[in-house]
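A structural walkthrough
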Amino acid sequence: MKHIAYGNIAQQNEEKEVIIDSLKKMNCPVFIESDIDNRREKWTEFIDILQEGDTAIIYSFSNTFVNYHDMIFFLKYCFLLQVFLFLQQSYYLCCFLKYSNLVEKILYSLWE
C-alpha cells in the first residue's frame, strides 16, 4: 500500500509551481506530465505502477483528465483495483468518496 501522485502541468493556464509543490509535499513518487503530447507517457507510468490497496493522488479532476472518457476509465480502474483516490484540491470530496458507496453505485451503473 503506497501513495503515488500525478500532475499534468502541460496546459498553459495551470498554476504549475503550485501543482508541483503540493504534490511533492505528499512525500511519495510523483509523476509530472510537462509536455503537451497525446502519448502522456507519465500518465501511463502512473497507471502501470498502481496496485491493489494503493492511494492515487491527483491534484484535481480538471488538471488530470483530458476528457470525460479518461476520467471514467480511471475511476473504474481504481474501483476494480481497490485503489483509493485522493484529490488534493478537494479534501472533503475525497472523504465523501472514501466513506460513501455512492461512487460504487455510479460505477456499477456506468459499467453496464
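Residues numbered from 1 in each chain as written. Predicted model: local features only at pLDDT ≥ 70, side-chain atom pairs only at ≥ 80, totals over all residues. Heavy atoms only, no water.

Structural notes on the packing of aromatic side chains
Summed over all chains, the structure comprises 10 aromatic pairs. Relative to Trp43, the ring of Tyr6 has its centre 4.9 Å away and its plane inclined at 70°; by these criteria the two rings are edge-to-face. Pair noted here: Tyr6 is in strand β1 (residues 3-8) and Trp43 is in helix α2 (residues 41-49), with a separation of 37 residues, a long-range link. Trp43 matches Tyr6 in its accessibility class, with the two residues each being buried. Among the aromatic side chains, those forming a connected cluster through ring pairs are Tyr6, Phe31, Trp43, Phe46, Phe61, Phe65 and Phe74. In this structure, Arg40 packs its charged tip against the face of Trp43, placed 4.9 Å from the ring centre. (Phe/Tyr/Trp six-rings, centres within 6.5 Å; stacked < 30°, edge-to-face > 60°. Helix = DSSP H or I, 4+ residues; strand = E, 2+ residues; numbered from the N terminus. Buried < 20%, exposed > 50% of the residue type's maximum accessible area, 1.4 Å probe, protein only. Lys NZ or Arg CZ within 6 Å of the ring centre and 35° of its normal.)

Section: the nonpolar core
Ranked by size, the top nonpolar core spans 18 residues in total, and within it Trp43, Phe46, Leu50, Ala56, Ile58, Phe74 and Leu85 carry the most contacts. For this core, the element with the most residues is helix α4 (residues 68-81), which contributes 5 residues. If we skip the residues at most four places from it in the chain, Trp43 touches Tyr6, Glu33, Thr64, Phe65 and Phe74. (Core = buried A, V, L, I, M, F, W, Y, C linked by side-chain atoms within 4.5 Å. Contact = heavy atoms within 4.5 Å.)

Overview of the environment of Glu45
Looking at the element boundaries, Glu45 is found in helix α2. Residue classification places Glu45 among the partly exposed positions, given a relative accessible area of 36%. Placed 39 residues apart in sequence, Glu45 and Tyr6 show a C-alpha to C-alpha distance of 9.7 Å.

Structural notes on the side chain of Thr55
Note that Thr55 resides in strand β3 (residues 55-58). When its relative accessible area of 12% is taken as the criterion, Thr55 is described as buried. For Thr55, the contacting residues outside a window of four places in its chain are Lys2, His3, Ile4, Val83, Phe84 and Phe86.

So, the pairing of β3
Neither face of β3 is open: one carries Thr55 and Ile57, the other Ala56 and Ile58, and all of them are buried. By the bridge criterion, 4 bridges tie β1 to β3 in an arrangement that is parallel. Along β3, the bridge assignment pairs His3 with Thr55. Relative to strand β4 (residues 84-87), β3 runs parallel, the two sharing 4 bridges. The residue bridging Ile57 from the neighbouring strand is Phe86, located in β4. (Pairing = 2+ DSSP bridges.)

Some remarks on the pattern of salt bridges
Counting across every chain of the model gives 2 salt bridges. Among the ionic pairs, Lys2 bridges to Asp54, the shortest N-O distance being 2.9 Å. Linking Lys2 in the segment before β1 with Asp54 in the loop between α2 and β3, this pair joins segments that are 52 residues apart in sequence. For Lys2, a relative accessible area of 28% corresponds to the partly exposed category. (Salt bridge = Lys/Arg side-chain N within 4 Å of Asp/Glu carboxyl O.)

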